[in-house]
Amino acid sequence: PQPSPAPSSLAGAATTPRCAALLVSALALTTHGLFLYGQIAPMWRLHVQADVDVWANATTYASRRTFAALGLDTHNHLVLDRDDDVQTFTYAFAVRRLWDAVGLPDRAVSRLAAVLLVLFSGVWPHLKLLLLHGTFLARTKPGRGFRSRTASLYWLGTFGKWTLADVFVVCALIGVVHLDWDVDPAAVRDGLAAELPVLVGVARSLYPSYAGACAALLRLPCEKPDSLVHRTKCLGCEAVVHEAYDHPHWARGAGRKVLNGVQTDGGGGVSLRVAGMEGIYPFCAAAILSLLLGVLIDVLDHRARRGAAADASRARGRGRDRGCRCGWLLGRSSPWWDDDDDDYAIGSSWCHSVAASIVYAALAGGSLL
């Protein structure tokens, strides 16, 4: 009996060039570093550019009285000249915002999203690289060991594409969030008048009590006024808030009339953009290198399997019929080069199999027709 072949790794296989083995390890370490830098550095930013110059003046008696009661100026000049970043986003910032459910109604769903983001975007890229590198360095026996290694590489290649999820999301944000708004103060005023019932509902959800709403508007302690003047201002404000909260027809009638009494002038423009930052570029490079590394190891695994199958075929041919390479003509059920792993040991060329079939059928008295 022949001794069983010693276990060997894909990195040490005879079919794997030394430079390829060194390249795989170098790419794995480099990809780890790029992923880590991309997860720490700022990935993208929300940039706003605005140039707005608008006047809004209360001109009618009803609008002036209402504005004064609510502590609003009757003459309002809004100038907005801005060209900067609203927010800079990093990987840790996104996870923290999701975990705290900032601006999101369902805390449980938000925290689940944070956990999934950590697993698939934070842990999985590094874990996939470790498993891929470990499979490349692990020592396996020929035969079933080869098959298990190929199966592992297949599943790693299938699920390894999750590393591109973040890249797709950021690219979609950069392509989609490209908003431009031409500010028309008259259109804004008409929109507020049309949606006034909704705005009153929002205000009531934020400030359920009259005193709380007026304290926010007047910036006075309306729960416990500290002077007669403050109490008078709070009472006037609370009367308007009471009408708005408890009489739905106010928003469709008197409230809309108040807003229609505001004269507007001016205009401007606002643009909102999402731009990539220094963290997204190494992260994209790491995702691409991770996929290329998987392809490279798959190619080396394929070469190792073909080489092992060819060695096994040659050894079996020598053992079955020493000195006669056409022993399969004497009645064997399959040619000498056939092997259990048909994908990797199919002979030196396809015409070998055709010639073998023709000669075998002729000697057996068969007919090709």
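The structure presented is a predicted model; accordingly, all values stated were derived computationally and were not measured. (Residues numbered from 1 in each chain as written. Predicted model: local features only at pLDDT ≥ 70, side-chain atom pairs only at ≥ 80, totals over all residues. Heavy atoms only, no water.)

Some points on the environment of Tyr210
Along the chain, the position of Tyr210 falls in helix H9 (residues 210–218). Tyr210 gets classed as partly exposed once you look at its relative accessible area, which sits at 28%. Sequence separation between Tyr210 and Val241 is 31 residues, and the spatial gap between their C-alpha atoms is 6.1 Å. (Helix = DSSP H or I, 4+ residues; strand = E, 2+ residues; numbered from the N terminus. Buried < 20%, exposed > 50% of the residue type's maximum accessible area, 1.4 Å probe, protein only.)

A few points about the packing of helix H7 (residues 185–194) against helix H8 (residues 196–206)
Any two packed helices are characterised by the angle at which their axes cross and by the distance between the axes. Where H7 contacts H8, the axes come no closer than 5 Å and their chain directions differ by 70 degrees. Considered as vectors, H7 and H8 are oriented roughly perpendicular to each other. Residue-level contacts link Leu192, Ala193 and Ala194 of H7 to Leu196, Pro197 and Leu199 of H8. Looking at the contact of H7 with H8, its residues break down into six nonpolar, no polar and no charged. (Axes fitted to C-alpha atoms, helices over the stretch in contact; angles between N-to-C directions. Parallel < 35°, antiparallel > 145°, perpendicular 65-115°, else oblique. Contact = heavy atoms within 4.5 Å. Nonpolar A, V, L, I, M, F, W, Y, C, P; charged D, E, K, R; others polar.)

Things to note about the packing of aromatic side chains
Following the criterion strictly, the structure yields five aromatic pairs and no others. Taking 4.1 Å as the distance between ring centres and 10 degrees as the angle between the ring planes, the aromatic pair formed by Trp44 and Phe89 counts as stacked. With a gap of 45 residues between them, Trp44 in strand E2 (residues 44–58) and Phe89 in strand E3 (residues 75–89) connect regions that are remote in the sequence. The same class applies to Trp44 as to Phe89, namely buried. Centre to centre, the rings of Phe89 and Phe93 are 5.4 Å apart; their planes meet at 70 degrees, and the pair counts as edge-to-face. (Phe/Tyr/Trp six-rings, centres within 6.5 Å; stacked < 30°, edge-to-face > 60°.)

Concerning helix H10 (residues 228–246)
Across its 19 residues, H10 extends 26 Å between first and last C-alpha, which sits within 8% of the 27 Å expected from 1.5 Å per residue. Listed in full, the buried residues belonging to H10 are Cys234, Cys237, Glu238, Val240, Val241, Ala244 and Tyr245. When H10 is viewed along its axis, its buried side chains cluster within an angular range of 165 degrees and face the same direction. Structural note: H10 exposes Leu228 and Thr232 on the side pointing more than 90 degrees away from its buried face. Residues of H10 that are buried sit in contact with helix H2 (61–69), H8, H9 and helix H11 (248–252). (Expected span 1.5 Å × (residues − 1). Arc of directions from axis to C-beta.)

What to know about the confidence of the model for the protein chain
Looking at the protein chain as a whole, its pLDDT mean stands at 80, while 80% of the residues score no less than 70. Note that pLDDT drops below 50 for residues 321–369; the model gives that stretch 40 contacts with residues more than four away or on any other chain. (pLDDT = per-residue confidence, 0-100.)

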